[in-house]
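Residue strings, one per chain:
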Amino acid sequence: MKKLCIGLLLRLCCVCAVRAQEIKVDKPPEKRVTMDIPVDYRLDVENMKWEELLRANIVSAIRYQDYSNAMGYMLDDGRWYTLFNSQDFLPGLMTMRKAGGVMSFRPNSRLNVNAGVYALKYRYNFGSTYNDGVVHAAMNYRMLSWLTVGVYGRYSAFSKHNAVENSILMSPLVPASAVGVSGTAMFNEVIGVQGAVGKEFNPYNGKWQTVYGVAPVINFNALFK
């Protein structure tokens, strides 16, 4: 039990570290770049950090990855897209495969927009298999040097159908439709705070519920430069 707890704490720290490193991304991927994402501590290509913030729990922390492949293609200085496929698993519970693409826009140094679509298939270890199709979008705007605000949205085409067909998992393990706003405030170059609030559709009762979260931010790029 002690080793398990230490392992989970290390994974959570690495997730926070990777998310913090994404705060200051000045350049999009170069033309046709293959991104070899490590098996253990990686960013979800979907790039929806608000979901991790709203749904940080021990179950999502022990989600492992079999593989993750992604290729980025530059269209011009402010536009690029990424194609990806991956497979995750929760030991003893489920396996999930995902494939899709994300289109990203950076018209200036303050505004960043991305939108994408992906298909997924997840299978429980005890037999049942489910499919879903997801469309998502997010926009972030740096209002001040220390303040960034954003909006996000996601539509899950078959979450309600899967719930009726006895899928037992909920967000963030499987996607659900959601909308909301987010914000990041940096107190200095290293330390800040991130928050999000929104609505998420519960496919089991057919109702929208309020979700929110607050978490500290550490910019390791600035800390160790």
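Residues numbered from 1 in each chain as written. Predicted model: local features only at pLDDT ≥ 70, side-chain atom pairs only at ≥ 80, totals over all residues. Heavy atoms only, no water.

(A) Quick look at the packing of aromatic side chains. Applying the stated criterion across every chain yields a total of 6 aromatic pairs. Summarising the aromatic geometry, the rings of Tyr 122 and Tyr 124 are spaced 6.1 Å apart at their centres and angled 70° between planes, so their arrangement reads as edge-to-face. Taking the relative accessible area as the measure of exposure, Tyr 122 reaches 2% and is therefore buried. Considering the side-chain rings of Tyr 124 and Tyr 130, the 5.6 Å spacing of their centres and the 65° angle between planes classify their relative orientation as edge-to-face. (Phe/Tyr/Trp six-rings, centres within 6.5 Å; stacked < 30°, edge-to-face > 60°. Buried < 20%, exposed > 50% of the residue type's maximum accessible area, 1.4 Å probe, protein only.)

(B) The arrangement of a nonpolar patch on the surface in detail. The grouping of Met 139, Val 151, Val 181, Val 197 and Tyr 212 at the surface amounts to a nonpolar patch, some 450 Å² of accessible area in total. Looking at where Val 181 falls in the secondary structure, it is placed in strand β8 (residues 178-186). We classify Val 181 as partly exposed; its relative accessible area is 41%. (Patch = residues over 30% accessible without salt bridge, like charges linked within 9 Å, V, L, I, M, F, W, Y side chains within 5 Å. Areas by Shrake-Rupley, 256 points an atom, 1.4 Å probe, with all protein chains shown as cover. Salt bridge = Lys/Arg side-chain N within 4 Å of Asp/Glu carboxyl O. Helix = DSSP H or I, 4+ residues; strand = E, 2+ residues; numbered from the N terminus.)

(C) Examining the pattern of salt bridges more closely. Under the defined criterion, the tally for this structure stands at 1 salt bridge. Between Arg 79 and Asp 76 there is a salt bridge whose closest N-O contact spans 2.9 Å. Residue Arg 79 is classed as partly exposed on the basis of its relative accessible area, which comes to 36%. According to the relative accessible area criterion, Asp 76 is partly exposed, its value standing at 31%.

(D) Molecular detail of unusual backbone geometry. For Asn 166, which is not glycine, the phi torsion reads 75° and is therefore positive. Here Asn 166 lies in the loop between α4 (159-164) and β8. For Asn 166, a relative accessible area of 58% corresponds to the exposed category.

(E) Highlighting the confidence of the model for the protein chain. For the protein chain, the average pLDDT comes to 78, and 72% of its residues sit at 70 or higher. Averaged pLDDT values for the elements of the protein chain fall to 40 in helix α1 (residues 2-21) and rise to 95 in strand β6 (residues 129-144). The low-confidence segment residues 1-48 (pLDDT under 50) makes 85 contacts with residues lying over four places distant or belonging to another chain. (pLDDT = per-residue confidence, 0-100. Contact = heavy atoms within 4.5 Å.)

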